[in-house]
Amino acid sequence: MNFRIFVRLKSLSWPAVASDNMGENTSDLDGDNFDWDTEDELEIDNIPLSCSSLTVPGGLAAMGSGEASSSGGSSCTKIVDHFVGMGFSEKLVAKAIQEHGEENTDTILETLLTYSALEQSPEDEVRQAEPDNFSSDYDYEENFLNDFSDIDSSDNEDIRNPTSDEESKIMSLVNMGYTRAEASIAIERCGRGCSVAELTDFICAAQMAKAADGDFPLEEKPRLNGDYSKLKKRKLLDSKQRRLEKRIMTEDDETIRLPNPMIGFGVPTEPFQRVRRDLPESAIGPPYFYYENVALAPKGVWSTISRFLYDVEPEFVDSKYFCAAARKRGYVHNLPIENRFPLLPLPPRTIHEAIPLTKKWWPSWDTRTKLNCLQTCIGSAKLTERIRKALEESDGEPSMRIQKYVLDECRKWNLVWVGRNKLAPLEPDEVEMLLGFPRNHTRGGGISRTDRYKSLGNSFQVDTVAYHLSVLKEMYPSGINMLSLFSGIGGAEVALHRLGIPLKNVVSVEISEVNRNIVRSWWEQTNQRGNLIDLADVQQLNSDRLEYYMSKFGGFDLVVGGSPCNNLAGSNRHHRDGLEGKESSLFYDYFRILDLVKCIMTRNQ
C-alpha cells in the first residue's frame with residue numbers, strides 16, 4: 001500500500017469506502033443486477049439502501065451506519081413504550097428501531113425527530129391550497145419528492161418581498177417542529193433564496209451529524225401523555241438547538257461556504273474579477289485532475305473532498321450562467337484559471353431563446369426565465385392533464401392559488417408551455433441541447449426514453465466543463481491522454497472535442513452499459529482517431545492495470561471524474577449519508593486512483 005495513502009488514511013479517519021476484493025461484490029455491479037439510479041429513482045421505487053461493511057485499500061475496514069442490532073422482546077417493548085411516551089407514534093418508533101436497532105437509542109431519537117418534522121411538508125401546504133378538481137391520487141412521480149436540491153428560487157425574487165418571504169419560511173419550519181433559532185440559522189447559512197426543503201435538509205444534516213453526543217437523557221421514564229409529552233419533545237428540540245448553535249460557532253472555520261452568486265473563479269457572462277489562487281505543492285500538475293459533484297451536499301462533505309484532493313479549494317458554479325438551466329455543482333481541480341474561454345457560439349441563456357416555440361403559449365403570470373436543475377425523471381401525463389383541466393375551468397386568468405400550484409409544479413418538473421393551458425416535460429433532445437450535447441447524443445441503439453432521461457440527468461453540463469478545461473488547448477495542441485472515471489455519457493470527452501483538443505488515448509470507466517454504448521457510438525460517429533478503452537468497474541482499476549495503460553500511453557495528462565451523488569443530494573431524504581453512503585463513498589476510489597497515477601508518474605520520471 002502506498003505510504004502517502006496510508007498516512008492520509010490514518011490522519012483523516014478514512015470512512016467506509018469500497019473494497020478492492022471484488023470476489024463477492026462484483027456480481028452485484030454487473031449488468032442488470034446493479035441499479036445505478038440516482039436518488040430520484042431510488043425514492044420512486046422505494047428501494048432500501050444500506051451501508052454495507054466496506055474495506056479500504058490496504059485492508060483497513062470500516063462499517064457503515066446502517067447495521068442493525070437485535071435484543072430480547074421485553075427490552076424492545078420498553079424502548080417502544082419509552083419513545084411512545086415521549087409523543088411519537090408506535091408506527092414511527094417501530095420503523096426507527098427496525099432501521100437502527102434498539103441499542104442505538106440516540107440515533108433512534110434523532111430519526112424520530114426528523115420523521116416528525118417532515119410529517120407536514122411544504123408539499124402538504126400546497127395540496128391544501130389546491131382547487132377541488134386536483135385529485136389526491138398522485139402517481140409516483142409527484143409523491144416521491146417534496147423538492148429538488150437544485151431548484152433555484154431567484155426568478156421569484158422580483159415579485160416577492162424578501163422580509164415576508166423569510167418570515168414565511170421561518171413559520172413553515174416552526175410548524176414542522178423546528179425552533180425559530182434553528183430556522184433563522186439555516187436561512188443565514190443557506191441564504192434567503194433557498195427553498196424550505198433545502199433549509200430542512202441543512203437542519204436535519206446538522207442535527208444528525210453527531211447523533212451519539214450523549215446530550216439526551218434516555219433512561220427509562222414513566223409514560224407521558226397529553227400536552228406534557230409535547231413540552232418534553234420541545235425541550236429535547238431546544239437542547240438540540242443549543243448544541244447546533246455551539247457546533248456552528250466552533251466549526252465555522254472547518255465548513256466551506258457556498259458563494260452567492262455561484263460563479264466560481266469567473267464565468268464568461270459576468271464581469272471578470274481577477275482571482276489569485278495558490279495551489280498546494282502536492283497538487284501542482286501534471287497530471288491535471290478535475291472532480292465534480294453536487295454543490296448542495298451535507299455539511300462537511302466539501303471540506304472532506306478538499307482535504308483528500310490535496311487541500312485544493314473547490315470552485316462552485318451554477319450552470320445557469322452558461323445555459324438556460326440551473327445546475328449547482330462544485331469542482332475541485334488543479335487547472336490554471338487564467339486565459340479561459342467559452343465554447344462558441346454561446347448557448348441560449350433563457351427559456352424562450354432555448355425553446356422559442358413555447359413563447360407563444362407562455363402566460364404572463366409564469367415569470368420563469370430559467371429552468372431548474374435537469375433531473376433524471378420527468379413529470380407524468382396525469383399531472384399535466386390535471387393542470388390543464390384546472391386552468392380550463394378557471395374563469396379568465398386563474399386564481400392566485402391555482403397559479404401558485406401550477407408554478408410550483410412547473411419549477412419542480414421543468415414543465416414548459418406547448419399549447420393553450422397545456423404543459424409538457426422537456427423532450428430528451430431539448431435536454432441534450434440544454435446540457436451542451438449534440439442532438440441525438442443519447443438516441444439510438446435501442447435506448448429507451450427513460451434511459452435517456454436517466455443518463456442525461458447524471459451528466460456534466462458541457463459548456464461549464466469546457467470553460468474550465470479550455471486552458472488545456474494551448475498546453476496540449478497535439479492531443480491529450482485522459483483517464484475518465486465515472487464517465488457517464490462522456491461529458492468531458494465531448495467538451496474536449498468541442499474545444500478542438502484531440503483525444504489521443506482515453507480510458508473510460510463507467511458502470512452503466514447504456515452509457516458505455518452512448519460514448520462508444522459518439523466516438524465512432526465523430527470519427528475520433530485516438531484509442532478508446534472502456535472499462536466497467538472503477539473498483540477493479542488497480543495499480544497493475546494503471547501501470548500497464550500508462551506504460552503504453554506514457555502517462556495521463558488529465559484525470560476527470562464525477563462520482564455518484566446519490567447520498568449527497570438534498571432530494572435523498574432517507575439515505576443522505578454523505579461520503580459514507582453506499583454509492584457516494586466511491587469518491588474515495590477517485591482519490592485512490594488519482595493518487596496512484598501521480599505516484600506512478602513521479603516514479604517513472
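These figures come from a predicted structure and were not determined experimentally. (Residues numbered from 1 in each chain as written. Predicted model: local features only at pLDDT ≥ 70, side-chain atom pairs only at ≥ 80, totals over all residues. Heavy atoms only, no water.)

Student: Could you give an account of the overall build of the protein, with specific residues and numbers?
Tutor: A count of helices and strands for the protein gives 24 helices and 11 strands. Within the protein, the proportion of its 605 residues that are buried is 56%. Taking contacts inside the protein between residues at least 6 apart in sequence as the whole, the part at least 24 apart equals 76%. As presented, the protein carries roughly 27,200 Å² of accessible surface, and 48% of it is formed by carbon and sulfur atoms. (Helix = DSSP H or I, 4+ residues; strand = E, 2+ residues; numbered from the N terminus. Buried < 20%, exposed > 50% of the residue type's maximum accessible area, 1.4 Å probe, protein only. Contact = heavy atoms within 4.5 Å. Areas by Shrake-Rupley, 256 points an atom, 1.4 Å probe, with all protein chains shown as cover.)

Student: Please provide a residue-by-residue account of the nonpolar core, values included.
Tutor: Counting residues in hydrophobic clusters, the biggest one holds 68 residues, and the most contacted among them are Val406, Leu469, Leu472, Leu496 and Leu558. Both domains that meet at this core, namely domain 1 (281-346 + 436-604) and domain 2 (351-423), each give it at least three residues. Excluding its chain neighbours within four sequence positions, the residues that come into contact with leucine 472 are Tyr288, Leu335, Ile480, Leu496, Ile501 and Leu558. Formed by 42 residues, the second largest nonpolar core is a distinct cluster that contains Trp302, Val332, Val507 and Leu535. (Core = buried A, V, L, I, M, F, W, Y, C linked by side-chain atoms within 4.5 Å. Domains from an automatic or database assignment.)

Student: Hey, could you go over the packing of helix α17 (residues 428-435) against helix α18 (residues 449-457) for me, with residue numbers and the actual values?
Tutor: In a packed pair of helices, the relevant descriptors are the angle between the two axes and the axis-to-axis distance. Close contact between α17 and α18 brings their axes to 10 Å; oriented N to C, the two are set at 15°. On the basis of the axis angle, α17 is roughly parallel to α18. Handedness of the crossing formed by α17 with α18: left-handed. The residues of α18 that touch α17, namely those facing Pro428, Asp429, Val431, Glu432 and Leu435, are Arg449, Arg452, Tyr453 and Leu456. Residue composition of the contact of α17 with α18, by class: five nonpolar, no polar and four charged. (Axes fitted to C-alpha atoms, helices over the stretch in contact; angles between N-to-C directions. Parallel < 35°, antiparallel > 145°, perpendicular 65-115°, else oblique. Left-handed = near helix turned anticlockwise from the far one by under 90°. Nonpolar A, V, L, I, M, F, W, Y, C, P; charged D, E, K, R; others polar.)

Student: Give a detailed account of helix α24 (residues 587-604), specifying residues and quantitative values.
Tutor: Taking 1.5 Å of rise per residue, 18 residues should cover 26 Å, and α24 covers 26 Å from first to last C-alpha, within 8% of that figure. Of all 18 residues making up α24, 15 are buried, and the element is well covered by its neighbours. (Expected span 1.5 Å × (residues − 1).)

Student: Kindly report on the UniProt feature "active site" (unreviewed entry) in the protein, identifying the contributing residues and their values.
Tutor: Under the UniProt annotation, "active site" (unreviewed entry) lies at Cys565. The topology assignment puts cysteine 565 in the loop between β11 (558-561) and α24. Among the residues examined, cysteine 565 registers a relative accessible area of 17% and is labelled buried. (UniProt positions renumbered as here; feature names shortened; annotations may be inferred.)

Student: With reference to specific residues and values, describe the packing of aromatic side chains.
Tutor: Evaluation of the coordinates by the stated rule reveals 16 aromatic pairs. Aromatic pair phenylalanine 308 and phenylalanine 587: ring centres 6.2 Å apart, planes at 85°, arrangement edge-to-face. Here phenylalanine 308, found in helix α13 (residues 301-308), pairs with phenylalanine 587, found in helix α24; they are 279 residues apart in sequence, far enough to count as distant. Of the two residues, phenylalanine 308 and phenylalanine 587, both sit in the buried class. Linked through ring pairs, Phe289, Tyr291, Phe308, Tyr310, Phe587, Tyr588, Tyr590 and Phe591 together constitute an aromatic cluster. Lysine 598 extends its terminal NZ or CZ atom over the ring of tyrosine 310, reaching a point 5.1 Å from the ring centre. (Phe/Tyr/Trp six-rings, centres within 6.5 Å; stacked < 30°, edge-to-face > 60°. Lys NZ or Arg CZ within 6 Å of the ring centre and 35° of its normal.)

Student: An account of the pairing of strand β8 (residues 480-485) is needed here, citing residue identities and associated values.
Tutor: Among the six residues in β8, six count as buried, and that is most of the element. The pairing of β8 with strand β9 (residues 503-509) spans six bridges and is parallel. Note that in β9 the partner of methionine 482 across the bridge is valine 506. Running through helix α21 (residues 491-499), the crossover from β8 to the neighbouring parallel element β9 is right-handed. (Pairing = 2+ DSSP bridges. Right-handed = clockwise from strand over helix to strand, strands pointing away.)

Student: If you had to explain the confidence of the model for the protein to someone new, which residues and values would you point to?
Tutor: Mean pLDDT over the protein: 75, with 68% of residues reaching 70 or higher. Low confidence marks residues 1-72, where pLDDT is under 50. Its contacts with residues over four positions away, or in another chain, come to 143 contacts. Taken as a whole, residues 120-149 scores under 50 in pLDDT and shows 74 contacts with residues more than four places along the chain or in a different chain. (pLDDT = per-residue confidence, 0-100.)

Student: Just give me the short version of the sheet that holds strand β5 (residues 328-333), but keep the residues and values in it.
Tutor: Here seven strands make up an open sheet; going across it, the order is β4-β5-β3-β11-β8-β9-β10 and the pairing mixed. Strands at the two margins of the open sheet, each flanked by one partner only, are β4 (315-318) and β10 (531-535). Averaged over neighbouring strand pairs, the angle between their axes works out to 20° when direction is ignored. Of the strands in this sheet, β9 and β10 are in contact with helix α22 (residues 513-525), which crosses β10 at around 175°.

Student: Can you lay out the pattern of salt bridges for me, pointing to particular residues and giving the numbers?
Tutor: Tallying each qualifying case throughout the model produces 16 salt bridges. For aspartate 463, the salt bridge goes to arginine 498, with nearest N and O atoms at 4.0 Å. Within this pair, whereas aspartate 463 is found in helix α19 (residues 462-469), its partner arginine 498 is found in helix α21, the two being separated by 35 residues in sequence. Between aspartate 534 and arginine 520 there is a salt bridge, with the nearest N and O atoms lying 3.3 Å from each other. (Salt bridge = Lys/Arg side-chain N within 4 Å of Asp/Glu carboxyl O.)

Student: Explain the environment of serine 89 residue by residue, including any values.
Tutor: Turning to its location among the elements, serine 89 is positioned in the loop between α4 (73-85) and α5 (90-100). Assessed through its relative accessible area of 35%, serine 89 is described here as partly exposed. A polar contact of 3.2 Å, which involves the side chain of serine 89, links it to the backbone nitrogen of leucine 92. (Polar contact = N/O pair within 3.5 Å; in protein donor to acceptor, adjacent residues only side chain to side chain.)

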